[in-house]
Amino acid sequence: MIYRFPAVLFFLLFSCCLTSFAQSTPPLLHNAYNRPARLLNGSWHYIVDPYQMGYYNYRYEAFDQKDASNREAYFMNAHPKNKSERIEYNFDQSPTLSVPGDWNSQEDKLLYYEGTIWYQTSFDYVSPPNDRRVLLYFGSVNYTAEVYLNGTKLGKHTGGFTPFNFDVTDLIKEEKNALVVKVDNTRLKEGVPTLNTDWWNYGGITRDVKLISIPNSYIQDYHLQLAPNNNQLIKGFVQLAGDQLNQQEVQLQIRELDIELKVKTDQNGRAEFEIFQEYIDYWSPAAPTLYSIQINTPNDRVRDQIGFRSIHTEGRDILLNGEKIFLKGISLHEEIPQRMGRAYGREDAQYLLEEAKALGCNFVRLAHYPHNENMIRLADQLGLLVWEEIPVYWTIDWENTDTYLNAEQQLTEVIQRDKNRASVIIWSVANETPVNESRNLFLNRLISKARQLDPGRLISAALEQQGFDDNPNLKTIRDPLANSVDILSFNQYIGWYDGLPDKAGRIIWRFTQEKPVFISEFGAGALHGFHADPLTRWSEEYQGYVYRENLKMIEKIPGISGLSPWILFDFRSPRRNLAGIQDGWNRKGLISNEGEKKMAYFVLQEYYSEKR
Ligand code: GCU
């Protein structure tokens, strides 16, 4: 029995709330990455506000719902009008944080902080001419953001790892614009992720903030990929937004392919096209060819770099451009360990992905949430295949409609952002979630949504694997979600959480589903520099032993099509408190938080160098 009434009620409420911000919440701009923009990055003032003084009055009524002009509200960025007026905050006198960047790694007092922090910046802006609009675009804010410009609420975004934008045309001034953002990284039972995760709850404006000037009629979205079932057919659409939608001429240019196509939009501003192209230099890890594309309309122009490739499964094989491929992967968190903070810039992406290439990888699993766009764009250029994931992690509140809509929104936003990236081949909807009826329903709805939004990619999730009571050394997957995904992925920790390393030599895996098998996680913890015999926990030798025994076991799995061991770097986690060994770090990295390679790194590197 699927709950319908509350969802319908929620949608009615949600749409009316949307209309109240309709003028400022346009659809997410695709390819904001390549738009000329005014970056608002830099030092922003901040106020730590654990009691949310700047948001609620003393009766705990939200200022922006009750009395939006109250100067006590921090988003008013008020200053005393005279020597007697009482204003109990002052951004100008408050300290600063760097944007982009999490707050935890910038101030010792904020390392564990969970709650509200207000950010404020001021900027001048030459107002756009009448035929242009201005979008305010955030790469991500963890976890909820409430955004105000010059005292007016633009809207609220929930979800810590996906972009969002507002139209600020009618609010922006020539001088002293006050942009105030209330950020709250409090973990919530109904959140996505929920209360318990094995990573640091980095809060803040964690990616770029920028102003993008666009024409009144602009290219809001487009899709340009090979048809899923014909690799000589480039299919796609262009979607205009704003005014002048109907019968607009759209020009698509791919010069290296001598393509120059003209199509007209329909009354909704949408133009669809199919281009038969006999010769295409397909994108692959060995040859990551990206074509320069340009889309022109009478009022707008966007440029992009797009690779064309096909990805399918056939029985237990994964086929890239029709040829079987083995995914030599590694898992990554979005963190620069030496900085103990969120990665966000192009240089960060360069560091993390070059290390994956050096390990011998052709694949990266970007765990457990959408990483910043630099990672995906660079993977396109470096020739790394990518698994992207939304943070539906462990014990999500499966029965909660709002939780589902939040997860679906985050899935929609990451697909909206990355659907033209050749490197992305897998969307994952969950990690290690307990099998039950409401979880199956929740995840199957997400899978249907992903297939509807993007039929050209593979769907997976880190499923639950099980043993047999009568034969503990025989393992399989009975997770019902196995019937819905394209790739049978699962995490297993034989030798770490499940027995000692030699147990891997006794395990037999058997699968009934004729689908590719992918080990999305295995691994072990080790403190770099701690050496002992191979059965001493936390030694580099123990971790190396786990890798050797697991790799031998994996080689015997029928239909094994790849692996992404856990994990390239040691990473921060409040769950890992073993003094002298963990000290707030998860030590399963192949590389330490200081960038030093452990013995197991070389075990995996050798395996990949010999793997075809
Ligand atoms: C799980 C989980 C990871 C976690 C890892 C560990 O498989 O997916 O997020 O960090 O185990 O226990 O280290």
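Residues numbered from 1 in each chain as written. Predicted model: local features only at pLDDT ≥ 70, side-chain atom pairs only at ≥ 80, totals over all residues. Heavy atoms only, no water.

Observations concerning the overall build of the protein chain
Part 1 of the reasoning: Counting its secondary structure elements, the protein chain contains 8 helices and 35 strands.
Part 2 of the reasoning: Burial status across the protein chain gives 60% buried among its 612 residues.
Part 3 of the reasoning: Counting only contacts in the protein chain whose residues sit at least 6 apart along the sequence, the fraction spanning at least 24 positions is 71%.
Part 4 of the reasoning: Looking at the protein chain as shown, the accessible area adds up to about 24400 Å², and 50% of this sits on carbon and sulfur atoms. (Helix = DSSP H or I, 4+ residues; strand = E, 2+ residues; numbered from the N terminus. Buried < 20%, exposed > 50% of the residue type's maximum accessible area, 1.4 Å probe, protein only. Contact = heavy atoms within 4.5 Å. Areas by Shrake-Rupley, 256 points an atom, 1.4 Å probe, with all protein chains shown as cover.)

Brief notes about the site of the ligand
Part 1 of the reasoning: Neighbouring the ligand are 14 residues; Asp 198, His 368, Glu 432, Tyr 497 and Glu 521 lie closest to it.
Part 2 of the reasoning: Taking Asn 431, its side chain carries an N or O atom lying 2.9 Å from an oxygen atom of the ligand.
Part 3 of the reasoning: One nitrogen or oxygen atom from the side chain of Glu 521 is found 2.5 Å from an oxygen atom belonging to the ligand.
Part 4 of the reasoning: Contact with the protein chains removes 97% of the 320 Å² of surface that the ligand exposes when unbound.
Part 5 of the reasoning: Of the residues that constitute the shell around the ligand, the class distribution is 5 nonpolar, 4 polar and 5 charged. (Near = heavy atom within 4 Å. Polar contact = N/O pair within 3.5 Å; in protein donor to acceptor, adjacent residues only side chain to side chain. Nonpolar A, V, L, I, M, F, W, Y, C, P; charged D, E, K, R; others polar.)

Observations concerning the packing of aromatic side chains
Part 1 of the reasoning: Under the counting rule described, the total for this entry stands at 34 aromatic pairs.
Part 2 of the reasoning: With centroids separated by 4.8 Å and ring planes inclined at 75 degrees, the aromatic side chains of Trp 199 and Tyr 393 adopt a geometry described as edge-to-face. One end of the pair, Trp 199, is in the loop between strand 9 (177-184) and strand 10 (209-215); the other, Tyr 393, is in the loop between strand 25 (385-389) and helix 5 (401-418), with 194 residues separating them in the sequence.
Part 3 of the reasoning: Residue class for Trp 199 comes out buried when judged on its relative accessible area of 5%.
Part 4 of the reasoning: You can call Tyr 393 buried: its relative accessible area is 4%.
Part 5 of the reasoning: Considering the side-chain rings of Phe 363 and Phe 518, the 5.4 Å spacing of their centres and the 70 degrees angle between planes classify their relative orientation as edge-to-face. In this pair, Phe 363 is assigned in strand 24 (residues 363-366) and Phe 518 in strand 32 (residues 517-521), connecting sequence segments 155 residues apart. (Phe/Tyr/Trp six-rings, centres within 6.5 Å; stacked < 30°, edge-to-face > 60°.)

Looking at helix 4 (residues 373-382)
Part 1 of the reasoning: For helix 4, a buried count of 9 out of 10 residues is recorded, marking the element as mostly surrounded by other parts of the structure.
Part 2 of the reasoning: Taken together, the buried positions of helix 4 are Glu 373, Asn 374, Met 375, Ile 376, Arg 377, Leu 378, Ala 379, Asp 380 and Leu 382.
Part 3 of the reasoning: Once helix 4 ends, the next one or two residues include Gly 383, with phi positive near 80 degrees.

Topic: the domain arrangement of the protein chain
Part 1 of the reasoning: Split by domain assignment, the protein chain resolves into domain 1 (21-214), domain 2 (218-298) and domain 3 (313-610).
Part 2 of the reasoning: For domain 1 and domain 3, the distance between their C-alpha centres works out to 33 Å.
Part 3 of the reasoning: With 33 residues of domain 1 in contact, the opposing surface of domain 3 contributes 44 residues.
Part 4 of the reasoning: Carbon and sulfur atoms supply 54% of the area buried between domain 1 and domain 3, which totals about 3400 Å² over both sides.
Part 5 of the reasoning: Summed over the three residues of domain 1 that lose the most area to domain 3, namely Tyr 33, Asp 198 and Trp 199, the buried surface amounts to 22% of that side. (Domains from an automatic or database assignment. Buried area = accessible area lost by both parts, 1.4 Å probe.)

Notes on the packing of helix 5 against helix 6 (residues 437-453)
Part 1 of the reasoning: It is the contact of helix 5 with helix 6, at a shortest axis distance of 10 Å, that shows an interaxial angle of 25 degrees. Between helix 5 and helix 6, the crossing angle belongs to the class labelled roughly parallel. Handedness of the helix 5/helix 6 crossing: right-handed. When helix 5 is examined against helix 6, the residues Thr 403, Tyr 404, Ala 407, Glu 408, Leu 411, Thr 412 and Ile 415 are found in contact with a partner set consisting of Phe 442, Arg 445, Leu 446, Lys 449, Ala 450 and Leu 453.
Part 2 of the reasoning: Classifying every residue of the contact of helix 5 with helix 6 by side-chain character gives 8 nonpolar, 2 polar and 3 charged. (Axes fitted to C-alpha atoms, helices over the stretch in contact; angles between N-to-C directions. Parallel < 35°, antiparallel > 145°, perpendicular 65-115°, else oblique. Left-handed = near helix turned anticlockwise from the far one by under 90°.)

Focus on the pattern of salt bridges
Think of it this way: side chains of opposite charge can pair up when their charged atoms draw near.
Part 1 of the reasoning: A complete count under the given rule lists 38 salt bridges for this structure.
Part 2 of the reasoning: Across the pair Glu 389 and Arg 365 runs a salt bridge whose closest N-O atoms are separated by 3.2 Å. Of this pair, Glu 389 sits in strand 25 while Arg 365 is found in strand 24, placing the two residues 24 residues apart along the sequence. Like Arg 365, Glu 389 is buried.
Part 3 of the reasoning: In the salt-bridge network here, residues are joined through shared partners; they are Asp 304, Glu 373, Arg 377, Asp 380 and Arg 421. (Salt bridge = Lys/Arg side-chain N within 4 Å of Asp/Glu carboxyl O.)

Observations concerning the sheet that holds strand 8 (residues 164-167)
Note: strands within a sheet are paired through backbone hydrogen bonds, in either parallel or antiparallel orientation.
Part 1 of the reasoning: The sheet built from 4 strands is open, its strands ordered 1-10-5-8 with antiparallel pairing. Here the strands that pair on one side only, and so sit at the sheet edges, are strand 1 (38-39) and strand 8. (Pairing = 2+ DSSP bridges.)

Describing the sheet that holds strand 31 (residues 508-509)
Part 1 of the reasoning: Spatially, 28-29-31 is the arrangement adopted by the 3 strands of the open sheet, whose pairing is mixed. A strand with exactly one partner marks an edge of an open sheet, and here the two such strands are strand 28 (466-468) and strand 31.

Things to note about the confidence of the model for the protein chain
Low pLDDT marks regions whose predicted coordinates should not be analysed in detail.
Part 1 of the reasoning: Here the protein chain shows a mean pLDDT of 95. Residues at 70 or above account for 96%.
Part 2 of the reasoning: Here residues 1-22 scores under 50 on pLDDT; set against residues more than four positions off or in separate chains, the count is 10 contacts. (pLDDT = per-residue confidence, 0-100.)

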